[in-house]
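# Geometric and topological summary
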Amino acid sequence: MGIKDQFQDKAQELKDKAKAAQQGAKDEASERAAQASEPAKKKKEKVHDELDDNWDF
C-alpha cells in the first residue's frame, strides 16, 4: 500500500466519521426539539380543554 492509498483511506475514514457525527447531531437536535415542544403542546391542550369546559351550553 502506497502513501497515496494510505491518505485516501484516512480521508475516507474521516469523511465517514464526520458524516456519522453529523447524523448523530441531527438526531439529537430533533429529539431536543421534540422534547421542547411537548410542554407547549400540553399547555395548548389544557387551554383548549378549559375553553371547551367554559363554553358548554
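Report on the accompanying structure. (Residues numbered from 1 in each chain as written. Predicted model: local features only at pLDDT ≥ 70, side-chain atom pairs only at ≥ 80, totals over all residues. Heavy atoms only, no water.)

## Side note on the overall build of the protein
The criterion, for reference: Under the scheme used here, helices are H or I runs from DSSP no shorter than 4 residues and strands are E runs no shorter than 2 residues, and both carry numbers assigned from the N terminus. A 1.4 Å probe rolled over the protein chains alone gives each residue an accessible area, and that area as a share of the maximum for its type sets the label: buried under 20%, exposed over 50%, partly exposed in between. Shrake-Rupley sampling with a 1.4 Å probe provides the accessible areas, and residues are treated as covered by the protein chains on show and by no other component.
Assigned secondary structure in the protein consists of 1 helix and 0 strands. By residue count, 0% of the 57 residues in the protein fall in the buried class. Of the roughly 5600 Å² that the protein leaves accessible, carbon and sulfur atoms contribute 55%.

## A word on the environment of M1
Defined as follows: The criterion used for residue contact is that any of the two residues' heavy atoms lie within 4.5 Å.
Note that M1 resides in the segment before α1 (3-54). Among residues more than four places away in sequence, those in contact with M1 are Q6 and D9.

## As for the pattern of salt bridges
Short version of the rule: Put simply, a salt bridge is a Lys or Arg side-chain nitrogen that is within 4 Å of an Asp or Glu carboxyl oxygen.
One pass over the structure, following the stated rule, counts 2 salt bridges. For E13, the salt bridge goes to K10, with nearest N and O atoms at 3.9 Å. Within this pair, E13 and its partner K10 are both found in helix α1, separated by 3 residues, close to a single helical turn. The salt bridge partner of R32 is E28, with a shortest N-O separation of 2.8 Å. Here E28 and R32 lie together in helix α1, a separation of 4 residues that amounts to about one turn. The exposure class assigned to R32 is exposed, which follows from its relative accessible area of 56%. The class of E28 is partly exposed, set by a relative accessible area of 42%.

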